[in-house]
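Understanding the architecture of this molecule
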4 protein chains.
Amino acid sequence: MSVNYKKLLDQLYSETKDFARLGKVADYIPALERISGDHFALSLITEKGLLYSSGDHTIPFSIQSISKVFSFAMVYRKIGTEIWNRIGREPSGTAFNSLIQLEHEGGIPRNPFINAGAIVVADLMLSFCNDPKTSLLNFVQSLAGDESIAYNPEVVISERETGHRNYALAHFMKSFGNIHHTVEDVLDLYFHQCAIEMTTDQLARAFLFLAKEGKNPLNGEEILNPSRTKRLQALMLTSGLYDESGDFAFRVGMPAKSGVGGGIVGVIPRQLSLAIWSPALNERGNSIAAIEAMERFTTYTTNSIF
Amino acid sequence: MSVNYKKLLDQLYSETKDFARLGKVADYIPALERISGDHFALSLITEKGLLYSSGDHTIPFSIQSISKVFSFAMVYRKIGTEIWNRIGREPSGTAFNSLIQLEHEGGIPRNPFINAGAIVVADLMLSFCNDPKTSLLNFVQSLAGDESIAYNPEVVISERETGHRNYALAHFMKSFGNIHHTVEDVLDLYFHQCAIEMTTDQLARAFLFLAKEGKNPLNGEEILNPSRTKRLQALMLTSGLYDESGDFAFRVGMPAKSGVGGGIVGVIPRQLSLAIWSPALNERGNSIAAIEAMERFTTYTTNSIF
Amino acid sequence: MSVNYKKLLDQLYSETKDFARLGKVADYIPALERISGDHFALSLITEKGLLYSSGDHTIPFSIQSISKVFSFAMVYRKIGTEIWNRIGREPSGTAFNSLIQLEHEGGIPRNPFINAGAIVVADLMLSFCNDPKTSLLNFVQSLAGDESIAYNPEVVISERETGHRNYALAHFMKSFGNIHHTVEDVLDLYFHQCAIEMTTDQLARAFLFLAKEGKNPLNGEEILNPSRTKRLQALMLTSGLYDESGDFAFRVGMPAKSGVGGGIVGVIPRQLSLAIWSPALNERGNSIAAIEAMERFTTYTTNSIF
Amino acid sequence: MSVNYKKLLDQLYSETKDFARLGKVADYIPALERISGDHFALSLITEKGLLYSSGDHTIPFSIQSISKVFSFAMVYRKIGTEIWNRIGREPSGTAFNSLIQLEHEGGIPRNPFINAGAIVVADLMLSFCNDPKTSLLNFVQSLAGDESIAYNPEVVISERETGHRNYALAHFMKSFGNIHHTVEDVLDLYFHQCAIEMTTDQLARAFLFLAKEGKNPLNGEEILNPSRTKRLQALMLTSGLYDESGDFAFRVGMPAKSGVGGGIVGVIPRQLSLAIWSPALNERGNSIAAIEAMERFTTYTTNSIF
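In what follows, the accompanying structure is described. (Residues numbered from 1 in each chain as written. Chains lettered and ligands numbered in written order. Predicted model: local features only at pLDDT ≥ 70, side-chain atom pairs only at ≥ 80, totals over all residues. Heavy atoms only, no water.)

1. Quick word on the pairing of strand β2 (residues 41–46) of chain B
Residues and elements named next belong to chain B. Here is the rule we go by: Burial classes follow relative accessibility: with a 1.4 Å probe on protein chains only, a residue under 20% of its type's maximum area counts as buried, one over 50% as exposed, and anything between as partly exposed. Per the convention used, a helix needs a DSSP run of H or I reaching at least four residues, while a strand needs a run of E reaching at least two, with both numbered from the N terminus. Criterion used throughout: strands pair if DSSP finds at least two bridges between them.
Within β2, 6 of the 6 residues are buried, leaving the element largely enclosed by the surrounding structure. Residues Ala41, Ser43 and Ile45 line one face of β2 and the alternating positions Leu42, Leu44 and Thr46 line the opposite face, and both faces are buried. Summarising the sheet, β2 and strand β3 (residues 51–55) pair through 5 bridges and their orientation is antiparallel. In the strand pairing of β3, Ser43 is matched with Ser53. Once β2 ends, the chain turns through 4 residues before running back antiparallel as β3, passing Gly49 with a positive phi of about 100 degrees. Here β2 pairs with strand β9 (residues 272–277) via 6 bridges, running antiparallel. Opposite Thr46, over in β9, you have Leu272 as the bridge partner.

2. Focus: the environment of Leu169 of chain B
Residue and element names in this part refer to chain B. Keep this limit in mind: Contacts are residue-level and defined by heavy atoms, with any inter-residue pair within 4.5 Å sufficient.
Along the polypeptide, Leu169 turns up in helix α8 (residues 164–175). Between the C-alpha atom of Leu169 and that of Gly107, which follows or precedes it by 62 residues, the distance is 9.3 Å. In this structure, Leu169 is in contact with Leu99, Leu102, Asn115, Ala116 and Ile119, ignoring residues within four places of it in sequence.

3. Brief notes about the packing of aromatic side chains
Rules: Note on aromatic contacts: the rings of Phe and Tyr and the six-membered ring of Trp form a pair at centre separations within 6.5 Å, being stacked when their planes are under 30 degrees apart, edge-to-face when over 60 apart, and tilted otherwise. Here, over-ring charges are defined by two tests on the NZ atom of lysine or the CZ atom of arginine: distance to the ring centre within 6 Å, and angle to the ring normal within 35 degrees.
Scanning all chains against the criterion turns up 52 aromatic pairs over all chains. Plain terms: the ring middles of Tyr5 of chain C and Tyr52 of chain C are 5.7 Å apart, the flat faces sit at 55 degrees to each other, and that makes the pair tilted. Placement of the pair is Tyr5 of chain C in helix α1 (residues 5–16) and Tyr52 of chain C in strand β3 (residues 51–55), with a sequence separation of 47 residues. The class of Tyr5 of chain C is buried, set by a relative accessible area of 11%. Three or more aromatic residues joined by ring pairs form one cluster here, namely Phe72, Tyr76, Trp84 and Phe113 of chain A together with Phe250 of chain B. When the ring centre of Trp84 of chain B is taken as origin, the NZ or CZ atom of Arg89 of chain B, which lies over that ring, is 5.2 Å away.

4. Considering the relation of the copies chain D and chain A
The following threshold applies: The copies were overlaid by least squares, fitting only the C-alpha atoms of residues that reach a pLDDT of 70 or more in each copy.
The transform that puts chain D on chain A rotates by 180 degrees and translates by 0.0 Å along the axis, for an RMSD of 0.0 Å. Within this description, the copies of the chain are treated as partners about a two-fold rotation axis. No C-alpha of chain D approaches the rotation axis more nearly than that of Ala168 of chain D, which lies at 1.9 Å. Most of the interface of chain D is mirrored in chain A, where 100% of its interface residues again form contacts.

5. Some thoughts on the pattern of salt bridges
Residue and element names in this part refer to chain A. Where we set the bar: A side-chain nitrogen of Lys or Arg and a carboxyl oxygen of Asp or Glu constitute a salt bridge if their distance falls within 4 Å.
Taken as a whole, this structure holds 92 salt bridges over all chains when the rule is applied. Across the pair Glu213 and Arg270 runs a salt bridge, and its minimum N-O distance is 3.4 Å. Here the residue Glu213 occupies a position in the loop between α10 (200–211) and α11 (226–239), and Arg270 occupies one in the loop between β8 (263–268) and β9 (272–277), the gap between them amounting to 57 residues. For Glu213, a relative accessible area of 37% puts it in the partly exposed group. By relative accessible area, which is 41% here, Arg270 ends up partly exposed.

6. Things to note about the interface of chain B and chain A
As a reminder, the rule being used: Buried area: the sum, over both parts, of the accessible surface (1.4 Å probe) that disappears when the two are put together. Under the rule applied, a polar contact is a pair of N or O atoms within 3.5 Å (in protein, one hydrogen donor and one hydrogen acceptor; residues adjacent in sequence only if both atoms are side-chain atoms).
Counting residues at the interface gives 40 residues for chain B and 40 residues for chain A. Taken together, both faces of the contact between chain B and chain A bury some 3,200 Å²; the carbon and sulfur share is 56%. When the buried surface of chain B facing chain A is broken down by residue, Lys230, Phe250 and Phe306 of chain B rank first, second and third, together holding 27% of it. The tally of links between chain B and chain A comes to 8 salt bridges. Here Arg284 of chain A and Glu90 of chain B are joined by a salt bridge, their closest N and O atoms 3.8 Å apart. At the junction of chain B with chain A, the criterion picks out 16 residue pairs in polar contact (both at pLDDT 80 or more).

7. Digging into the sheet that holds strand β4 (residues 61–62) of chain B
Residues and elements named next belong to chain B. One open sheet accounts for 3 strands, arranged β4-β6-β5; its pairing is antiparallel. Unpaired on one side and paired on the other, β4 and β5 (150–151) mark the two borders of the sheet. In the sheet, β5 pairs with strand β6 (residues 196–198) via 2 bridges, with the strands oriented antiparallel. Looking across to β6, one finds that Ala150 is bridged to Glu197.

8. Focus: the interface of chain D and chain A
Across the boundary between the two partners, chain D contributes 14 residues, which contact 14 residues of chain A. Taken together, both faces of the contact between chain D and chain A bury some 1,500 Å²; the carbon and sulfur share is 74%. One can count 2 salt bridges joining chain D with chain A. Across the pair Arg165 of chain D and Glu103 of chain A runs a salt bridge, and its minimum N-O distance is 2.6 Å.

9. Let's talk about the nonpolar core
The condition is simple: Note on terminology: a nonpolar core comprises buried Ala, Val, Leu, Ile, Met, Phe, Trp, Tyr and Cys residues joined through side-chain atoms within 4.5 Å.
Counting residues in each nonpolar core, the largest one holds 159 residues, and the members touching the most others are Phe70 of chain A together with Phe70 of chain D. With 9 residues, helix α5 (residues 115–128) of chain A is the single largest residue contributor to this core. The next biggest cluster of nonpolar side chains, apart from the first, holds 157 residues, and it includes Trp84 and Leu169 of chain B together with Val120 and Ile149 of chain C.

10. With respect to the side chain of Asn286 of chain A
Residue and element names in this part refer to chain A. For Asn286, the location among the structural elements is in the loop between β10 (280–281) and α13 (288–301). On the basis of relative accessibility, which here comes to 0%, the residue Asn286 falls in the buried class. In terms of polar contacts, Asn286 uses its side chain to reach the side chain of Glu244, at 2.8 Å. When neighbours within four sequence positions are excluded, Asn286 is seen to be in contact with Leu241, Tyr242, Glu244, Ser258, Ala280, Leu281 and Ile291.

11. Things to note about unusual backbone geometry
Residues other than glycine seldom take positive phi values, yet Gln64 of chain D does so here, at roughly 50 degrees. One non-glycine residue, Arg270 of chain D, lies in positive phi territory at about 65 degrees.

12. Describing the sheet that holds strand β4 (residues 61–62) of chain D
Residues and elements named next belong to chain D. Spatially, the 3 strands line up as an open sheet ordered β4-β6-β5, and their pairing is antiparallel. The outermost strands of the open sheet, each flanked by one partner alone, are β4 and β5 (150–151). Looking at chain direction, β4 and strand β6 (residues 196–198) are connected through 2 bridges and run antiparallel. If you follow Phe61 over to β6, its bridge partner there is Met198.

This is the structure we're talking about:
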């Protein structure tokens, strides 16, 4: 396919930027609330390593739940199928249902991308890493090829102060025996991973290993084998956008992961990785302009996984 | 890719046939209960129209919920996006949850492939077809290129006699105003569509339009445009195997639809359609040997949508 | 206690009549919708048989769910403790929960006063009565000492036409095997019992057997033995006012049963029975002025079961 | 009524002691697990102050959830109807449902006797008491007329170590803004109140104020006015025995409160208070022999609130 990606990203930038006016910047912590809703960034990197960008692609933002892909990949790589003793791999329905399901299903979260699931992943990471916060950051830096990526300490503190629901989830799972470390230790790691800051350029690069059948494109290292790479992308497709995953698969047709910081990163296997950032969210907590841009991307290029 | 599909299907036949011993033939109606669990059939058709088969590929069986793809395609083709006023497009979680969600979400089923959703589709079909039972059968026959495909009247009667839960769903949605015709008329159509009988050869052919970007491969007629074809396959991926959809996407990585008759049909866009039948089901109501064969198919060919 | 009941009822009439303005007459069927919200009636009968009334105490109204006490008493008298194999005796929480609970608890309704429970009671009545509609009416007539009490056929028809949710409940329980007759037969009886019309004078009389330790005050016949009479009143206290039962016990402190026709009947054991009718309902489906009058009754007389 | 209560308690002791064999001593903390299931104690005190006892009535045991009546009475006395801005007064159905209901109902627990409700009561106590642990103990001591009543520090520690579900509830309600102090402070008080130890003699005395229309029988002090006393007893009747409250009202017909230590205390207004202790619990967490003895008590005396 001979798409002029730079031109396409610029076109998507102008066509979809104003969709942000229909949404609302996350306001549950001050550090997110004060971000201007005007930011808009798009970065695409091809499996050959060519990077195209438009807008604020050099401004770091809080990746929030996008980090769940990184922590899951680290743990999946380390312990493989054992992870499925502790977490499921089915879509969860609404946040409302996820709580009922935890009760129903003995404290086993439905998948690694709902909060409960990512908290169990953090618990697992504590079991085999001496210094999981450093290991996780190193892992992300090595994927993005950029050592400047860091945690935002102010965000960590805010997450901790407002994270009552995550405390509730962690204690609830601990009552079922599905959290092995102290809730404080587990959530300290979890709140840190949510507070990683990256640019769309860095994010697109860091997700490119998925489009390379699991290999770090910078050094050829196998992060996940092809079969596990397929599986991780299937999880992203069915569960990557909270309760909007089905709708996103329907409209866009790309495995992807979103965060309440306004970022979304998607992958077309063997082809490319695409990261978009616009802070204003729809009522389901996903970036409204980023989804619109993603949908137009697959429509205009008639390129999707389907 | 130069796979010898005939040889591969024969290999899958012998490797996975015995998985049926771990499952159980559906027993809620006599017409299904008396089917031998020994049947096993695999049919694959390429986008070029080459058909490969193994096992009992000429024996018709009850397609049950696989019919939901046909009825949905007919209605989606007719009324387009209006359908989303009456049905959602998110995975439903468990059957248990689907009932709660109906209550929560004002009688709007989560997607067209859970029973509640397919019942709404039947209600919609009654609104624009004079003789929906004939129209639906004609549609399936034209896709498969085979006029011998028929309803099994004995199965229709059994479905009606044991369908208390479907009656409950239909009345419940009617209480929310989301069923416009009488419950008897809607369920009569619904029970008929579940009672269609087809062989795996016929099923593989009838699903090939999805791999042809929406065109009937026999006559070039556009069933759905490419964008809607993409969307239908996204629905199949996120919701095609009941509460096992996430797991199936994870293990197999193919849009597919299953039925309690033991059939599963999957598609790899622009490449092929694959129908497998083995009557013994796992506890989530999907054919245990068919899933195993599908997983090995994508693993051996390293071919999936991811 | 030497309360002047006539004077007290008149006082309650003037003090609480206007509370009806805060409520809304049931509008789901025309026959109820057209009732004037201005009606207000209070009737009290002492265990000695002295009747006191105020307001529209000679105008019949639709007793609706109040009939559940009559049908339950008939069946409990007939089959005794066996009834608990088919129905529970715990409060149900919200209507929303009652559906979840049916699913959770194998189709066994939580108590005989939620709709699902009363539908099972109707199913039981069909098992031992040749002509249950006549038997039920005769039973009510004998308790009230008044053969003019009748079904309103127009209400029966309306209930049937709008009763989709009750059809859903009945089919749902039938799917669990907890309805033994046809849904049509069961609901025909159920819709009839809801359509009984009575005055507050008749209702107060008909509930007096509960204040007489189970004996029909008109002829001394034992309807229920003292132990079962106690048990029925305990059910009324914990479950007689839908999701407002706890609040009513808290505010009023009297076993009682309400209906969406606007009637409430309460009992103080060994003392009296009190029936009040005001058609305007609060958001939980109970008569707003009747509850207010009942609360003032127990507060002014400092007489309750506590 | 001229019942020989001493003889009756002795009779109940021998008749119902062995029901304990059908149950199981609470084993979630060591301090409860090691209690012998052979203990059995019954104490009754009349509104005139006459005390009758049988069995181990001088051995203190962990009152656990029975303490919820004491803490609620303290807070209700202090802030009156304001308490209903923070807690409901409806039965909760199952523990399972109580969690769903918290989500549904904005973090407002259904009543003060489920754990979530008692945790909110503890939070309220922290708002108006300088030293709530001392105040609560003094309150209980003054009702029982016995300054030896104390917290068991070992039980407090065990509760804290195993109380993950209570932590989850508290954090969950805090996420809705319905917990105003730190979760640690609130649960420290809550775990203490559960760890109060009393004998059945002390418990019967301490509940007698309810049978005296709210007055402390020892000094005539008004704990609650008659109307609030009625209301508290209504709450006990509809919600005092967890998910067995309806059944207990049905079988026994007495406002009561149970604890997982095996104690149950019931009241017949204006007559008596009855405390029974037998550590073996049924599957719903209530003392199996104590319930049986209570039922026989109301059956033999034909005395209940109904």
